[in-house]
Amino acid sequence: GDTAWVALQRELRSDPPGVVRIGRYSPDGDSWEWFGYQLDSTDVEGDWIGLSEIAVYDGALLVLERDKLNGPDARVKAIYRVAMPDGSGVTSAGQETQVLSKTLARDLLPDLAASNGFVQEKVEGFAIAGNQNLYVVTDNDGLDDANGETVFLDLGPAGEALGG
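In this numbering scheme, every chain counts its residues from 1 along its sequence in written order. Reporting of local features is limited, given that this is a predicted model, to residues whose pLDDT is at least 70; pairs of side-chain atoms are given and counted only at 80 or more, and all residues count toward the totals for whole chains, interfaces and linings. Hydrogens are left out, water is left out, and the side-chain values use all remaining heavy atoms of the structure.

**Student:** Which residues make up the sheet that holds strand β8 (residues 102-107), and what values go with them?
**Tutor:** One bridge is not enough; two strands pair if DSSP finds at least two bridges between them. For helices the rule is a DSSP run of H or I covering at least 4 residues; for strands it is a run of E covering at least 2, with both sets numbered from the N terminus onward. What the 4 strands build is an open sheet, ordered β4-β5-β6-β8; its pairing is antiparallel. In this open sheet, the two strands that pair with only one neighbour each are β4 (49-57) and β8. Here the average twist between neighbouring strands, direction ignored, is 30°. As defined by bridge partners, strand β5 (residues 60-67) adjoins strand β6 (residues 77-83) across 7 bridges and the pair is classed as antiparallel. For A60, the partnering residue across the bridge sits in β6 and is A83. Working convention: axes come from line fits to C-alpha atoms, limited for helices to the stretch in contact. Angles between N-to-C directions cover 0 to 180 degrees.

**Student:** Before we move on, can you summarise the environment of V123 with the specific residues and values?
**Tutor:** Tracing the chain through its elements places V123 in strand β9 (residues 123-128). Among the residues examined, V123 registers a relative accessible area of 0% and is labelled buried. In sequence terms V123 and L8 are 115 residues apart; their C-alpha atoms lie 15 Å from each other. Two residues form a contact once any of their heavy atoms are found within 4.5 Å. Contacts of V123, omitting those with residues within four sequence positions, involve S52, L64, R66, K77, L108, L112, V136, V137 and T138. Between buried and exposed lies partly exposed: a residue is buried under 20% and exposed over 50% of the maximum accessible area for its type, with that area taken using a 1.4 Å probe on protein chains only.

**Student:** Account for the pattern of salt bridges, with residues named and values stated.
**Tutor:** Salt bridge, as applied in this entry: a Lys or Arg side-chain nitrogen positioned within 4 Å of an Asp or Glu carboxyl oxygen. Evaluated as defined, the whole model comprises 10 salt bridges. Across the pair K102 and D40 runs a salt bridge, and its minimum N-O distance is 3.1 Å. Of this pair, K102 sits in strand β8 while D40 sits in the loop between β3 (31-38) and β4, and the two are 62 residues apart along the sequence. Between E65 and K102 there is a salt bridge, with the nearest N and O atoms lying 3.0 Å from each other. Within this pair, whereas E65 is found in strand β5, its partner K102 is found in strand β8, the two being separated by 37 residues in sequence. The structure contains a network of salt bridges with shared partners spanning R66, K68, E121 and E124.

If you want it as structure tokens, here you go:
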């Protein structure tokens, strides 16, 4: 049957620090299952790491992970590949999740810095379009603590862009 995947940006209060949830919804059974995802860490005051996007591609989940830093301070802007979970996940917030393993598919920092401009904080979306190219977009925050620039990247064929 059909499946919808969602990524929670930040941890639930009931989850361990640095572990966010990825959800699998099955419309046929009207049921949710939740899995854990280990975020990268940061030691910069005021920074946090979170998820911005999730997609299914080539038999795996692709997850966009980012920090809150911009410009030369930016450290984490990346797409990770996560194997599709074989088993069942937990069904409530109070249950501890199975943490899925991840591997780096693409570090986006070089792409965001390639134009010699300001590396944007909020890498918020990506898509693999009908032409099979990987596209990445930033949120410009409408000039609220940001320069208002939106970056739209065409990274070429997804298979090549994601190291496959």
